[in-house]
Amino acid sequence: MIEISGLTKSYGSTTVLDGIDLTVADAQIGAVVGPSGAGKSTLARTINLLERPTSGTIAVNGRDLTALSGSELRAARREIGTVFQSANLLRRLTAAENVALPLRHHGVPDNQVRRRVHELLERVGMLHRANHYPSQLSGGQRQRIGIARGLALKPSVLLSDEATSGLDPDTTLSILTLLRELRDDLGVTILVITHEMDVVRGIADQVARLDHGRIVERGAVADVVRGSDSDLSRALLPLPPAVPAPAGHRTWSLRYDAAAVSPFWVAQVGREVGTDLAVLSALVEETGRASVGRVTIGVAPGVDERRLEQALITHGLVVEQRATLRAVTPRTPGTPGAEAVA
Ligand SMILES: Nc1ncnc2c1ncn2[C@@H]1O[C@H](COP(=O)(O)OP(=O)(O)OP(=O)(O)O)[C@@H](O)[C@H]1O
């Protein structure tokens, strides 16, 4: 478990991190997201103790690591393994030698190093590349070696600092699957710092949004995407573009827990209210161990909107937003069109 409390980092009069509180429980994956300049890299460098915080504490399994110095601090760094953006492997060393590096640095005897490196390479699926140099590996393979090296000293926490940035979608997916396995099979606590919402959606249990050095929103990923109409929620589950609504229709954005709502809700609600609902965009996605749906519907003029809203609520849907529409000239002759004006 990692508990960060009141973490502040200033450079001169510039405060880059301002009172960060963040906890990731054992065998959970926590994610910190934020735009460029929010303070993500600074947070990563401060958490893995490459930089000292100006104030605040970083405790791993109840032990405050910021209070330590000298040899105690060096030993404490073992508690947090880091996987960097570009894996940061040494070019002149093989994959196995790179993984062995932290073990040798900490004076682990040769026979134990060999055994542990074998174990780690096997764990990340890279045993067959043990004697390859970084230049002979793909980006995803280098990142697997980086993860093996991050785990070498059996840290309690694995910090992933933009580890999938720059990888193609399939490779990203395979790295995320590996991180998920480490959580589920080995019980590793993982803190992912990223600007990629796909990463958060793919593996995180908890998410916090960093903006201008502060955590401005946080929660369980499932709750954030299911329960609120916030910036983070929309960023995590953006709706695909909607097709134009039939002329005169109003568009309503809806959100729902797909596991709890009948898959026939569109027809059922339409029947109850006596109207046909137009589906203009729809998305159902598994995220944060929940199945969440977001839909934009077109509502015909003259429909009793209070009754419609009540029916939707009864079926378990949340009405997020309604837009007033005005008819526009159709692009294809004969096709009705409309655009949102509010
Ligand atoms: N050593 C430093 N001295 C002064 N200011 C710094 C220092 N390091 C970072 N900053 C400032 O802190 C802010 C946050 O930088 P940081 O690199 O942590 O953001 P980031 O979220 O990682 O951005 P990106 O996604 O673009 O890498 C920036 O305004 C940056 O200029």
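Everything that follows concerns the structure shown earlier in this document.
Residue indices begin from 1 for each chain and proceed along its sequence in written order. Where totals are concerned, whole chains, interfaces and linings use all residues; where local detail is concerned, this predicted model gives features only for residues with pLDDT of at least 70, and gives and counts side-chain atom pairs only at 80 or more. Hydrogens are left out, water is left out, and the side-chain values use all remaining heavy atoms of the structure.

(A) Just the overall build of the protein, in detail. Secondary structure elements are taken from DSSP: a helix is a run of H or I of four residues or more, a strand is a run of E of two residues or more, and numbering for both begins at the N terminus. Counting its secondary structure elements, the protein contains eleven helices and 16 strands. In terms of its C-alpha atoms, the protein occupies a principal-axis envelope of roughly 80 × 45 × 35 Å. Taking as baseline every contact in the protein between residues at least 6 positions apart, the subset at least 24 positions apart corresponds to 68%. We get accessible surface area from the Shrake-Rupley algorithm with a probe of 1.4 Å; when it comes to residues, only the shown protein chains can shield them. Surface accessibility of the protein: about 16,200 Å² in total, with carbon and sulfur atoms responsible for 49%. Mean positive and mean negative side-chain charge positions of the protein (38 and 37 charges, respectively) differ by 5 Å. Contacts were defined at the residue level, with two residues in contact if any of their heavy atoms lie within 4.5 Å. As used throughout, the charge tally considers Lys and Arg to be positive and Asp and Glu to be negative, leaving His and the chain termini uncounted. Note that the charge is assigned to NZ on lysines, CZ on arginines, CG on aspartates and CD on glutamates.

(B) How the structure looks around the site of the ligand. Proximity is defined per residue: if any heavy atom of the residue lies within 4 Å of a molecule or strand, that residue is considered near it. Taken together, Tyr 11, Val 16, Pro 35, Ser 36, Gly 37, Ala 38, Gly 39, Lys 40, Ser 41, Thr 42 and Arg 45 make up the full set of residues adjacent to the ligand. A distance of 2.8 Å is found between an oxygen atom of the ligand and a backbone nitrogen or oxygen belonging to Gly 37. Ala 38 is positioned such that a nitrogen or oxygen atom in its backbone is 3.1 Å from an oxygen atom of the ligand. In the complex, the protein chains occlude 55% of the 640 Å² of accessible area that the ligand would expose alone. The element that contributes the greatest number of residues to the shell around the ligand is helix α1 (residues 40-47), accounting for four residues. We call Asp, Glu, Lys and Arg charged. Ala, Val, Leu, Ile, Met, Phe, Trp, Tyr, Cys and Pro are nonpolar, and the rest, Gly among them, are polar. Among the residues making up the shell around the ligand, the classes are represented as four nonpolar, five polar and two charged. Under the rule applied, a polar contact is a pair of N or O atoms within 3.5 Å (in protein, one hydrogen donor and one hydrogen acceptor; residues adjacent in sequence only if both atoms are side-chain atoms).

(C) Spatial organisation of the side chain of Ser 253. The topology assignment puts Ser 253 in strand β11 (residues 250-257). If we skip the residues at most four places from it in the chain, Ser 253 touches Val 295, Thr 296, Val 318, Val 319, Glu 320 and Gln 321.

Keep in mind that these numbers describe shape and distance, not what the molecule does.
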